[in-house]
Amino acid sequence: MSNGVDYFVKQVFFMSFHSTRLPNGLTIIGEPNASARSVAIGFFVRTGSRDETLLESGVSHFLEHMMFKGTPRRTALDVNLDFDRIGADYNAGTSEENTVYYAAVLPEYLPKAVDILADILRPSLRLEDFTTEKNVILEEIGMYDDQPEWVAWDHTRRIYYGDHPLGNSVLGTNESIKALSRDQMQAYFDRRYAANNIVLSTAGNFEWERLVGLITETCSGWNTATVDRQNRTEWKGVGGMHVLTREKVQQEHVMFLCGGPPADSKLRYAADTLALAVGDDSGSRLYWGLVDPGLADSANCSYSENDANGCVYVSYSCEPEQTEENLEVVRKIQSDVQRDSITEKELKLAKSKIASRVVRGSERPMGRMRAIAVAWSYTGEYRDVDSEMNNYDAVTLADVRAYLDQYPINRSTAVAFGPAKSLDGVTGKTV
């Protein structure tokens, strides 16, 4: 393309993949599919709770809310009405590493969707709106504090990551939100919402050249800044058993976190495959060891990928009196898998389930829009559906062994949250 824009295109069967970068650094990627009946578009901002300072805790999520509170061109009501007028399925979300703003619409409404999304990403951040929305955030923190599974997970991440920023809470705390000022939020926005820290992803029924024209028209004026991410070293966890006591919780929630490969590692496929074999919600070792015999209400093992980091977590919830016995069951499963790996039969079953997951997730433009954005953001690569399935299909028992040798599944940080006052010889800390 002209005007100094970098350009790349890859043809994939009946679909194609395109990428381009505007002079201000904004990256645009897209996977057109003429057979689709809709189009999904999302702005992926490479920022989240891990990019906050202690005094800014919770600002990424708070800022996500503020994006919908009005711009120089639209009031908050206008934003909602304009999305509704085009029948958009729209929302936003904040995680430890990304804040995403997205919409799915009929193809003829793509220009309007681009206009609305691009507009809200340059918000007014009015003090009156900030003050009002602060109360909404505090209410949300209170609401989540009444959900034991979420509280257990939040505490577990904080303990596992110690002083690493990946342990930062996405919501922040009552204290940090109350102390946060509108000027602090503006400074964070200026620092993190630069064009060169954003990827615009689109999938479905759209014309690439027209999309680039729309984004160029609406986003070329966005600023460029020096954007970095602190502490990108791999983290292995603090280890040990930690008991957090909250007597009003009815069940015990126990989580084990251990190190895993980062998002750009080829071992991520072996980690994801092993996690499914160990802790899928049916036909896995945790299912047969805990759920099927009625020892636990739920049990799970999942792989979570992050920038320069990764982790695998095992969790279960059960009646308090069953906690000790279940703890031993999980530890035995972890030790057995670490020593002997999984079987060829388990590997084949896990691959079959993953193939189904990948294919089903790709059948809607929203799924593809997210998938290509995540892959591109973390690796700078495009992975079509067949390539992703082939990567999983290529996983061997030797790959699983290599993963286990580098990231032992039985070297974990264990956290119990619930009514237990002591567990495994550890006295609980009231939270």
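**Q** Break down helix α4 (residues 127-145) for me, with residues and values.
**A** Its 19 residues give α4 an end-to-end C-alpha distance of 27 Å, which sits within 8% of 27 Å, the value for a rise of 1.5 Å per residue. Buried residues of α4: Asp129, Phe130, Glu133, Lys134, Ile137, Leu138, Glu140 and Ile141, and no others. Looking at the buried residues of α4, the elements they touch are α1 (59-66), α6 (174-179) and α7 (182-192).

**Q** Can you lay out the nonpolar core for me, pointing to particular residues and giving the numbers?
**A** Counting 53 residues, the largest nonpolar core has Phe43, Leu211 and Ile215 as its most contacted members. The element contributing the most residues to this core is helix α3 (residues 110-120), with 7 residues. Here phenylalanine 43 is in contact with Thr99, Val100, Tyr101, Leu117, Ala118, Leu121, Ile198, Val199, Leu200, Ile215, Cys219 and Trp222, once residues within four sequence places are set aside. Of all hydrophobic cores here, the second largest spans 45 residues; its members include Leu327, Leu347, Val358 and Val385.

**Q** Could you give me a rundown of the packing of aromatic side chains, with the residues and numbers involved?
**A** Under the counting rule described, the total for this entry stands at 16 aromatic pairs. Geometrically, the ring pair formed by phenylalanine 189 and tyrosine 193 is stacked, given 5.1 Å between the ring centres and 25° between the ring planes. Assessed through its relative accessible area of 7%, phenylalanine 189 is described here as buried. You can call tyrosine 193 buried: its relative accessible area is 1%.

**Q** Residue-level account of the packing of helix α9 (residues 267-279) against helix α15 (residues 397-406), with values.
**A** One way to put it is that α9 packs onto α15 with a least axis distance of 9 Å and a crossing angle of 95°. Looking at the two axes, α9 sits roughly perpendicular to α15. In this structure, α9 contributes Leu267, Ala270, Ala271 and Leu274 to the contact, and α15 contributes Asp399, Val400, Ala402, Tyr403, Leu404 and Gln406. Split into classes, the residues belonging to the contact of α9 with α15 amount to 8 nonpolar, 1 polar and 1 charged.

**Q** Give me the pairing of strand β5 (residues 89-94): which residues, what numbers.
**A** What you see with β5 is a clean split: Tyr90, Ala92 and Thr94 sit on the buried side and Asp89, Asn91 and Gly93 on the side with no burial. Relative to strand β6 (residues 99-105), β5 runs antiparallel, the two sharing 6 bridges. Paired with asparagine 91 across the two strands is tyrosine 102, which belongs to β6. The hairpin formed by β5 and β6 contains 4 residues between the paired strands.

**Q** Summarise the pattern of salt bridges; cite the residues concerned and give the values.
**A** Per the stated rule, a full pass over the model turns up 34 salt bridges. The residue aspartate 129 makes a salt bridge to arginine 126 at a minimum N-O spacing of 2.9 Å. The salt bridge involving arginine 182 is made with aspartate 183; its shortest N-O contact spans 3.7 Å. Take arginine 182: its relative accessible area is 22%, and that puts it in the partly exposed class. Each of Arg46, Asp51, Arg192, Arg229, Arg232 and Asp307 takes part in salt bridges that share partners, so that together they form one network.

**Q** So what's going on with the side chain of glutamate 52? Residues and values would help.
**A** Considering the arrangement of structural elements, one finds glutamate 52 in the loop between β4 (39-45) and α1. Buried charge without a partner: glutamate 52 forms no salt bridge, and the closest opposite charge is arginine 191, 8.4 Å away. In terms of polar contacts, glutamate 52 uses its side chain to reach the backbone amide nitrogen of glycine 58, at 2.8 Å. In this structure the side chain of glutamate 52 is engaged in a polar contact, spanning 2.7 Å, whose partner is the side chain of serine 60. Other than its neighbours up to four places away in sequence, glutamate 52 contacts Ser57, Gly58, Val59, Ser60, Asn168, Ser169 and Tyr188.

**Q** Would you mind going over the side chain of threonine 94 in detail, with residue names and values included?
**A** Among the secondary structure elements, threonine 94 is positioned in strand β5. Take threonine 94: its relative accessible area is 18%, and that puts it in the buried class. Within the structure, threonine 94 has its side chain in polar contact with the side chain of glutamate 64 (distance 2.5 Å). Among all residues touching threonine 94, those that are not within four sequence positions of it are Ser60, His61, Glu64, Thr99 and Val170.

Cut-offs used in this document
- What you see as residue numbers is a count from 1 along each chain, following the sequence as written.
- Reporting of local features is limited, given that this is a predicted model, to residues whose pLDDT is at least 70; pairs of side-chain atoms are given and counted only at 80 or more, and all residues count toward the totals for whole chains, interfaces and linings.
- Calculation of side-chain values draws on the structure's entire complement of heavy atoms; hydrogens and water are dropped beforehand.
- Each helix is a run of DSSP H or I of at least 4 residues and each strand a run of E of at least 2, with the numbering of both proceeding from the N terminus.
- One fewer than the residue count of a helix, multiplied by 1.5 Å, yields its expected span.
- Only protein chains enter the accessibility calculation, which uses a 1.4 Å probe. A residue is then buried if its area is under 20% of the maximum for its type, exposed if over 50%, and partly exposed in between.
- We call two residues contacting when some pair of their heavy atoms lies within 4.5 Å.
- Definition used in this section: a nonpolar core is a set of buried Ala, Val, Leu, Ile, Met, Phe, Trp, Tyr and Cys residues joined via side-chain atoms within 4.5 Å.
- Any two of the Phe, Tyr and Trp rings considered here, Trp counted by its six-membered ring, make a pair once their centres fall within 6.5 Å; the pair's planes then place it as stacked at under 30 degrees, edge-to-face at over 60, or tilted in between.
- Simply put, an axis is a line fit to the C-alpha atoms, just over the touching stretch for a helix, and the angle between two N-to-C directions goes from 0 to 180 degrees.
- Roughly parallel here means an angle under 35 degrees, roughly antiparallel means over 145, roughly perpendicular means 65 to 115, and every remaining angle is called oblique.
- Residue polarity follows a fixed list, in which Ala, Val, Leu, Ile, Met, Phe, Trp, Tyr, Cys and Pro are nonpolar, Asp, Glu, Lys and Arg are charged, and the others, Gly among them, are polar.
- Strand pairing is assigned whenever DSSP identifies at least 2 bridges connecting the two strands.
- Just to be clear on terms, a salt bridge is a Lys or Arg side-chain nitrogen sitting within 4 Å of an Asp or Glu carboxyl oxygen.
- Think of it this way: Lys and Arg go in the positive column, Asp and Glu in the negative one, and His and the chain ends go nowhere.
- We call two N or O atoms a polar contact when they sit within 3.5 Å, provided that within protein one can donate a hydrogen and the other can accept it, with sequence-adjacent residues counted only if both atoms are side-chain atoms.

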